[in-house]
Amino acid sequence: LASSIMERRAEASFVNVPKVKLADFEPRNSVWGENFPREYQSYINTADTTFRSKHGGGAMLDMLEIDPRMVVLWAGYSFSKDYNQGRGHYYAVEDVHNTLRTGGPLNENEGPMPSTCWTCKSPDVPRVMQEKGVAEFYKGKWARLGAEIVNPIGCADCHDPETMNLRISRPALIEGFQSMGKDITKASHQEMRSLVCAQCHVEYYFNKKTVEGAEYLTFPWANGLTVDAKEEYYDNIEFSDWTHALSKAPMLKAQHPDYEIYTHGIHAQRGVSCADCHMPYKSEGGQKFTDHHIQSPLNNVANSCQVCHREETLELVQNVYERQDKIIENRDKLEELIVRAHVEAKKAWDLGATEEEMNDILQGIRHAQWRWDYAAASHGGSFHAPIETGRIITTGITIAQETRIKLSRVLASKGFNQEVPYPDISTKAKAQEFIGLDMDALNSEKQEFKETLLPEWMKKAKEREDSWAIVRN
Amino acid sequence: LASSIMERRAEASFVNVPKVKLADFEPRNSVWGENFPREYQSYINTADTTFRSKHGGGAMLDMLEIDPRMVVLWAGYSFSKDYNQGRGHYYAVEDVHNTLRTGGPLNENEGPMPSTCWTCKSPDVPRVMQEKGVAEFYKGKWARLGAEIVNPIGCADCHDPETMNLRISRPALIEGFQSMGKDITKASHQEMRSLVCAQCHVEYYFNKKTVEGAEYLTFPWANGLTVDAKEEYYDNIEFSDWTHALSKAPMLKAQHPDYEIYTHGIHAQRGVSCADCHMPYKSEGGQKFTDHHIQSPLNNVANSCQVCHREETLELVQNVYERQDKIIENRDKLEELIVRAHVEAKKAWDLGATEEEMNDILQGIRHAQWRWDYAAASHGGSFHAPIETGRIITTGITIAQETRIKLSRVLASKGFNQEVPYPDISTKAKAQEFIGLDMDALNSEKQEFKETLLPEWMKKAKEREDSWAIVRN
Amino acid sequence: MIRKLHPPKNWKIPVILVLGIFAGLFVLSVYLSKAHSYLSDDPKTCVNCHIMAPQYATWNHSSHREVTNCNDCHVPHDNVFNKYFFKAKDGMRHATMFTLRLEPQVIFIKEDGAEVVHQNCVRCHSNQLMDARQAGCIANYEENRTSRKCWDCHREVPHGRVNSLSSTPFARVPLPESPVPNWLKEFTKK
Ligand SMILES: [Ca+2]
Ligand SMILES: [Ca+2]
């Protein structure tokens, strides 16, 4: 015992001299790790994909396999090709290479996605933005920056290397605050413990009008953070992400509005930050430090929930599952209804419906699916703010069904007065076939990219990083 | 100063000698009050109707005026005549006399309601049940027991006069537990602090098959306490409360499922009882006692919520309002959709729809309105269990709209392929006119009852009670 | 001049009497309220007021029972003067509120008191909180790690969350013996 106390004291009184001088915009996490071994070691654990909870966890979940209806909802849009539930930050770059959504570019001007895609994947981003300029960063295809963006999400995304203060490294969040008339530099330390996450875990769109030729990353916050305010925002600027392949509706894609939904929950209202649950303190050798193994708190109930809640682990996990189950019950139903609406709309077009007859209907499909996606894309939302998430889904159902009532009248007026058959989309493969995707072509173009262009990028990157001197004290 | 300290110490150790010997089944609260003046005094405060919160409180709220859609939803059923949000227990008997639902009986065999209505209104009930037998109590019209039931809800409803222990005085709750295979005598002290309320604050129906000639008060719990389990229960026994005047659907009425919904909320799950919020401890003159002014906790945040929550009063009240608002937004929408379904169904009948065509549709209307009513009738439900209440409303909306899609096909098949106009029901009066109620007749029959039969009852009751000796120590 | 301030002679006896009564009453109230013990560190002191029972009971069941007494947390420990000044100030208010029956059903800690407690958490736990190696190269290190109230997270340390007078109704706390003799009890019963 005495020796253990001594050991801990020795550890604590060891005086620190930072081992490495961190360059501004140092993107290599391992270099930061030399100064902060505990934080780095725990960060490296985000590579662990073994934990799977009822609806989430670090395991890679193929959402299209789990729920093939999504394929139909996204017909005509890249998400119908491939969509997984996010895993650890460690994989952020790798997963962009792997996903079929980014296609198989063979040179820097090819591929379906813009360079803006990189924005939330790496600490190389602030480095390149600062070198080339923000608008410049958002120009061109993603393949253009393939050799630049190689380190997965890490220290420089959230920290100032000089002071180690939390800092905002992404312009989109600062601009988002400005659009609401707020000044992010006024955020408190506790707010920063959520705002670093809000750089990425938010709904976004690419604005092509901000700067000529750039797909400018923008957060649609000018009217507020609610689902309704954003819908109004997009309607006002007549924005749409794509036109649906079946229904021809002008669709919106909602991406991971984690931060926005979280602000409507009781935890946020009580001042609990993202870091409190996803990066709780951890004790090691007489010291506590922030656990950088960002993951599902259900894999770490003791340090996250139980610091505030005295209930048994099983009960707390059950609380989370109960909320998720109640939400997902109705979310699944809404999905089915929107699939039906798309199929019915297609039938109406096939029977010769006019644009005028269809206008309202297409708006309805747009709004219903926007609300579904908003609730579905935030993987933590059913727990972060179950009441708000439930409300969103409910309004989605009302709109979807109102739309289908109109559709049934249009169909009847074309002489079709019965149920339109529900397609057989019981597996991902069947659903992708139903919407006419050629998966073999997509897979082989991806394979070629991985064998040709990708190794080149990695080589260039290594050369670049090897050329940077590391200043050790 | 010294004397005050002395006094308080004395008070704390003061030993109680009951002033009055309480007879078994003593129904007069004032008699109990002689022994327990603090509890009695606070009980008397339930007569106070001044507090009104955003959606509730002790004030008498005319729900049909606030929300005239309800009149249409209940067309053909007595609730369309008159429905208020409950006020203090002090008024329980008076409000049965007053409501237009009970009509204007002029003798003991008249009036639209059975004697079972009295069951949850008075401590005279256990007295009469024990004198006449339970099944006997449930027989005949409510006017039959008018002279017997005169003391508003009080001590004998919840307490054993010998030990002052909490006790269950109503057979329906004991039988409800039995039907679930549970034994209520095994309930813990903390559970009893909710179960005394569950004698009345629960959904019920009158079973005419239990005992010949009796409308036997029954809690539909055999399959479980959820809205779905009860729906299944009623469907299985093909029970319906009434047939809707417009749509002809076989309807269910959900009455105040406060206890059942509460069990799905986080407070119940954490062991918080009804009494913790609605009957918190109070200090008076160095004495702590249970505040028997049962009311909205929003009129008493300091003693209720703040015992467990450190937030400001205003913030806690805001939490409640936010939950209520989010739920009510969609509940109102669901109401409108069901009104439409009724009106559309009527149109279909008018156009010659057949029973076969309508069967599914009527089932849909039944289920949708059951779910709406379940959420609406529990005035505290949006706070007690917001996630479950939201889920119930959402499933209601899905069913309502699915039904309206079917309706639009039936209507189209009869050559009517457009929106059925929404009726002008913007006030209670208009809505009651729309469903064809003769309010003048109802009001004048009530008036006559109050001038003739009611005074007789009161006279008989006074004679009876005057004949009971009070044994003082 | 000075003579003018002297009271008239015939006041002497009554004044001595009155002063005596006051002094006696003061001693009595000090005795009855056990105010003398307010200066001690024994947690039983605080329980003198039965309304501190929930706090006593929860502390008594916590991991801190063996390592802290009330004053370790609730009184400043930066210097001796501050310690007794704060005690006296707080003690006076508590005594006044209690005797005047102004105590609320639920007692909330005041901002001043909370800051004192917070500093005491930090005082004892600085080893776990502050890593000298990091303090050198992380700006605002100490502030970042100590700016939130510890019990924003450690909500149960040491009193738990439920904190009304009635929250520990059957807790066994060392309540003082009644100092009121039986005849006085009979007398005050009216
Ligand atoms: Ca988007
Ligand atoms: Ca019922």
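Residues numbered from 1 in each chain as written. Chains lettered and ligands numbered in written order. Predicted model: local features only at pLDDT ≥ 70, side-chain atom pairs only at ≥ 80, totals over all residues. Heavy atoms only, no water.

**Overview of the overall build of chain A**
Right, on to step 1. On a plain count of helices and strands, chain A comes out with 23 helices and ten strands.
Right, on to step 2. The C-alpha radius of gyration of chain A comes to 24 Å, within 12% of the 23 Å expected for a compact globule of 473 residues.
Right, on to step 3. Projecting the C-alpha coordinates of chain A onto the three principal axes gives extents of approximately 85 × 55 × 45 Å.
Right, on to step 4. Looking at the 473 residues of chain A, the share that counts as buried comes to 56%.
Right, on to step 5. Excluding contacts between residues fewer than 6 apart, the proportion of contacts in chain A whose partners are at least 24 apart in sequence is 71%. (Helix = DSSP H or I, 4+ residues; strand = E, 2+ residues; numbered from the N terminus. Rg over C-alpha atoms; globule rule 2.2 N^0.38 Å. Buried < 20%, exposed > 50% of the residue type's maximum accessible area, 1.4 Å probe, protein only. Contact = heavy atoms within 4.5 Å.)

**Re the UniProt feature "binding site: a menaquinol" (unreviewed entry) in chain C**
Residue and element names in this part refer to chain C.
Right, on to step 1. According to UniProt, the feature "binding site: a menaquinol" (unreviewed entry) maps to N71, K83 and D90 in the numbering used here. These residues run over 20 residues, yet every pair of their C-alpha atoms falls within 11.8 Å of each other.
Right, on to step 2. Looking at the secondary structure, you find N71 in helix α5 (residues 70-74).
Right, on to step 3. Judged by its relative accessible area of 8%, N71 is buried.
Right, on to step 4. Among the secondary structure elements, K83 is positioned in helix α6 (residues 80-99). (UniProt positions renumbered as here; feature names shortened; annotations may be inferred.)

**Examining the coordination of the calcium ion (ligand 1)**
Residue and element names in this part refer to chain A.
Right, on to step 1. With distances of 2.3 to 2.6 Å, the protein atoms coordinating the calcium ion (ligand 1) are E203 (OE), E203 (OE), Y204 (O), K253 (O) and Q255 (OE1).
Right, on to step 2. All donors of the calcium ion (ligand 1) come from a single chain, and their spacing in sequence reads E-Y-x48-K-x1-Q. With a gap of 49 residues between them, Y204 in the loop between α11 (189-198) and β4 (205-207) and K253 in the loop between β7 (250-251) and α13 (258-262) connect regions that are remote in the sequence. Grouping residues by exposure puts Y204 and K253 together as buried. (Donors = N, O, S within 2.8 Å, 3.2 Å for Na, K, Ca; no water.)

**Thoughts on the nonpolar core**
Right, on to step 1. The biggest cluster of nonpolar side chains holds 92 residues, and the ones touching the most others in it are W74, M358 and W372 of chain A together with W74, M358 and W372 of chain B.
Right, on to step 2. Dropping the residues within four chain positions of it, W372 of chain B is found in contact with M70, L73, W74, R331, L334, E335 and I338 of chain B. (Core = buried A, V, L, I, M, F, W, Y, C linked by side-chain atoms within 4.5 Å.)

**Notes on the pairing of strand β9 (residues 287-290) of chain B**
Residues and elements named next belong to chain B.
Right, on to step 1. Note that strand β8 (residues 281-284) and β9 share four bridges and pair antiparallel. Its bridge partner lying in β9, E284 is registered against Q287.
Right, on to step 2. Connecting the antiparallel pair β8 and β9 is a turn made up of two residues, with G285 showing a positive phi of about 50°. (Pairing = 2+ DSSP bridges.)

**Considerations on the relation of the copies chain B and chain A**
Right, on to step 1. Superposing chain B onto chain A takes a rotation of 180° plus a shift of 0.0 Å along the axis, which leaves an RMSD of 0.1 Å. Overall, the copies show the geometry of a two-fold rotation axis.
Right, on to step 2. The fraction of interface residues of chain B whose copies in chain A are also interface residues reaches 100%, indicating that both copies meet through the same surface. (Least-squares fit on C-alpha atoms with pLDDT ≥ 70 in both.)

**Remarks on the interface of chain B and chain A**
Right, on to step 1. Across the contact, 35 residues belong to chain B and 35 residues belong to chain A.
Right, on to step 2. Approximately 3,300 Å² of surface area, both sides summed, lies buried where chain B meets chain A, with 47% of it carried by carbon and sulfur atoms.
Right, on to step 3. Together, R270, I387 and R409 of chain B form the three largest contributors to the area buried by chain B at its contact with chain A, with a combined 20%.
Right, on to step 4. Summed over the shared surface of chain B and chain A, the result is ten salt bridges.
Right, on to step 5. A salt bridge links E315 of chain A to R270 of chain B; the nearest nitrogen and oxygen atoms lie 3.1 Å apart.
Right, on to step 6. Between chain B and chain A we count 22 residue pairs in polar contact (both at pLDDT 80 or more) in total.
Right, on to step 7. Among the elements of the structure, α14 (266-269), α16 (313-350) and α19 (386-413) of chain B are those that each provide at least two residues to the side of chain B that touches chain A. (Buried area = accessible area lost by both parts, 1.4 Å probe. Salt bridge = Lys/Arg side-chain N within 4 Å of Asp/Glu carboxyl O. Polar contact = N/O pair within 3.5 Å; in protein donor to acceptor, adjacent residues only side chain to side chain.)

**Quick look at the pattern of salt bridges**
Right, on to step 1. What the rule picks out here adds up to 89 salt bridges over all chains.
Right, on to step 2. Put simply, R464 of chain A and E148 of chain A hold a salt bridge, and the shortest N to O gap is 3.4 Å. Here the residue R464 of chain A occupies a position in helix α23 (residues 453-466), and E148 of chain A occupies one in the loop between α8 (134-137) and α9 (155-158), the gap between them amounting to 316 residues.
Right, on to step 3. Residue class for E148 of chain A comes out buried when judged on its relative accessible area of 17%.
Right, on to step 4. Where D235 of chain B meets R366 of chain B, a salt bridge forms, and the shortest distance between an N and an O atom there is 2.9 Å. Of the two residues, D235 of chain B is situated in helix α12 (residues 227-236) and R366 of chain B in helix α17 (residues 355-377); the sequence distance between them amounts to 131 residues.
Right, on to step 5. What makes R366 of chain B buried here is its relative accessible area of 3%.
Right, on to step 6. Because the salt bridges share partners, they merge into one network encompassing D228, E231, R371, E388 and R391 of chain A together with E322, K326 and E329 of chain B.

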